[in-house]
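Analysis of the macromolecular model
So the chains spell out like this:
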Amino acid sequence: PTPPLLEQEAYHVDTAGEGEEALERVAHGGYELVLTDLRMEDMDGITLLHELQTKHPSIVTVVLTGYASIESSIDALRQGVYDYLVKPCVVDDLKRTVRRALEHREQRMRITELSSPVVEIWDGVLLLPVVGTLDDQRAAQMSTALFEAVREKGARAVLVDITGCTVVDT
């Protein structure tokens, strides 16, 4: 029942019957948000959230479940879920959550672009100037921004300038 509701809001919606199928679809790109239950036949929702957080950090996630518990909500938050809704869910709450989650993703992407600007300096050559402290989280953000820029521009080479780094975490 969820996809037609979201399609009415002008979202492009795909559905997957299992977690593995969802991961396969996401791997092909083009997804901004994943709305998942916690119980699936092939894997639990927490595992799916973990895989998405690890492999596709730019995708924002929302849980919609009829099997809510304090433990599962804490586990979901640890996996970076944007929101956790309980079935039955008020339709307007779901619409609002999806809209806000996508707005949150857009803000996060803008911040990433500003903190990790990828500049095309020649045809097919990108420059990534790194300034400030480089920790694991920022490195992951920069990698995502860099890979997206390489894919968009069809870059043949990337120069990474770390002369502006004060600290580089191992």
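One can find the structure itself at the top, above this paragraph.
The shown structure was predicted, so the numbers you read here are calculated from the model rather than taken from an experiment. (Residues numbered from 1 in each chain as written. Predicted model: local features only at pLDDT ≥ 70, side-chain atom pairs only at ≥ 80, totals over all residues. Heavy atoms only, no water.)

**What to know about the pattern of salt bridges**
Scanning all chains against the criterion turns up 8 salt bridges. For the salt bridge of Glu-21 with Arg-25, the shortest nitrogen-to-oxygen distance reads 3.0 Å. Of this pair, Glu-21 and Arg-25 are both found in helix α2 (residues 19-27), 4 residues apart, which corresponds to roughly one turn of the helix. Judged by relative accessible area, Glu-21 falls into the partly exposed class, the value being 29%. (Salt bridge = Lys/Arg side-chain N within 4 Å of Asp/Glu carboxyl O. Helix = DSSP H or I, 4+ residues; strand = E, 2+ residues; numbered from the N terminus. Buried < 20%, exposed > 50% of the residue type's maximum accessible area, 1.4 Å probe, protein only.)

**What to know about the pairing of strand β5 (residues 125-134)**
Pairing between strand β4 (residues 119-122) and β5: 3 bridges, direction antiparallel. Residue pairing across strands places Glu-120 opposite Leu-126, the latter belonging to β5. (Pairing = 2+ DSSP bridges.)

**Looking at the nonpolar core**
If you look at the biggest cluster of nonpolar residues, it comprises 12 residues: Leu-5, Leu-6, Val-13, Leu-33, Val-60, Val-62, Leu-64, Leu-85, Leu-94, Val-98, Ala-101 and Leu-102. Looking at this core, the elements with two or more residues in it are α1 (2-7), β2 (60-65) and α5 (91-115). When residues in this core are grouped by element, the largest group, 4 residues, is from α5. (Core = buried A, V, L, I, M, F, W, Y, C linked by side-chain atoms within 4.5 Å.)

**Some remarks on the side chain of Asp-37**
Summarising the element assignment, Asp-37 is placed in the loop between β1 (33-36) and α3 (45-55). The class of Asp-37 is buried, set by a relative accessible area of 18%. Separated by 2.8 Å, the side chains of Asp-37 and Thr-65 make a polar contact. Polar contacts involving the side chain of Asp-37 include one to the side chain of Lys-87, which spans 3.1 Å. Not counting the four nearest positions on each side in its chain, Asp-37 is found in contact with Gly-45, Leu-64, Thr-65, Gly-66, Tyr-67 and Lys-87. (Polar contact = N/O pair within 3.5 Å; in protein donor to acceptor, adjacent residues only side chain to side chain. Contact = heavy atoms within 4.5 Å.)

**Examining α2**
All buried positions along α2 are accounted for by Gly-19, Ala-22, Leu-23 and Val-26. The buried side chains of α2 occupy one side of the element, clustering within an arc of 100° when seen end-on. Packed against the buried residues of α2 are β1 and α3. Note on α2: the residue one or two positions beyond its end, Gly-29, has a positive phi of about 85°. (Arc of directions from axis to C-beta.)

**Considerations on a negative patch on the surface**
A cluster of like negative charges, contributed by Glu-18, Glu-20, Glu-24, Glu-41 and Asp-42, occupies part of the molecular surface. Considering the arrangement of structural elements, one finds Asp-42 in the loop between β1 and α3. For Asp-42, a relative accessible area of 32% translates into the label partly exposed. (Patch = residues over 30% accessible without salt bridge, like charges linked within 9 Å, V, L, I, M, F, W, Y side chains within 5 Å. Areas by Shrake-Rupley, 256 points an atom, 1.4 Å probe, with all protein chains shown as cover. Lys, Arg positive; Asp, Glu negative; His and termini not counted. Charge placed at Lys NZ, Arg CZ, Asp CG, Glu CD.)

**Brief notes about helix α6 (residues 136-153)**
Over its 18 residues, α6 extends 25 Å from the first C-alpha to the last, a length consistent with the 26 Å expected when each residue adds 1.5 Å. What α6 keeps buried is the set Arg-138, Met-142, Ala-145, Leu-146 and Ala-149. Seen end-on, α6 carries its buried residues on one side only, within an arc spanning 100°. Those residues of α6 that are exposed and angled more than 90 degrees off the buried face are Asp-136, Gln-137, Phe-147 and Arg-151. A positive phi of about 65° marks Gly-154, the residue just after α6. (Expected span 1.5 Å × (residues − 1).)

**Here we look at the packing of α2 against α3**
Following both chains from N to C, one finds α2 and α3 inclined at 15°, their axes separated by 10 Å at the closest point. Accordingly, the angle class assigned to the pair α2 and α3 is roughly parallel. Viewed along their axes, α2 and α3 form a crossing whose handedness is right-handed. Along its contact with α2, which presents Gly-19, Ala-22, Leu-23 and Val-26, the element α3 presents Leu-48, Glu-51 and Leu-52. Considering only residue class, the contact of α2 with α3 consists of 5 nonpolar, 1 polar and 1 charged. (Axes fitted to C-alpha atoms, helices over the stretch in contact; angles between N-to-C directions. Parallel < 35°, antiparallel > 145°, perpendicular 65-115°, else oblique. Left-handed = near helix turned anticlockwise from the far one by under 90°. Nonpolar A, V, L, I, M, F, W, Y, C, P; charged D, E, K, R; others polar.)

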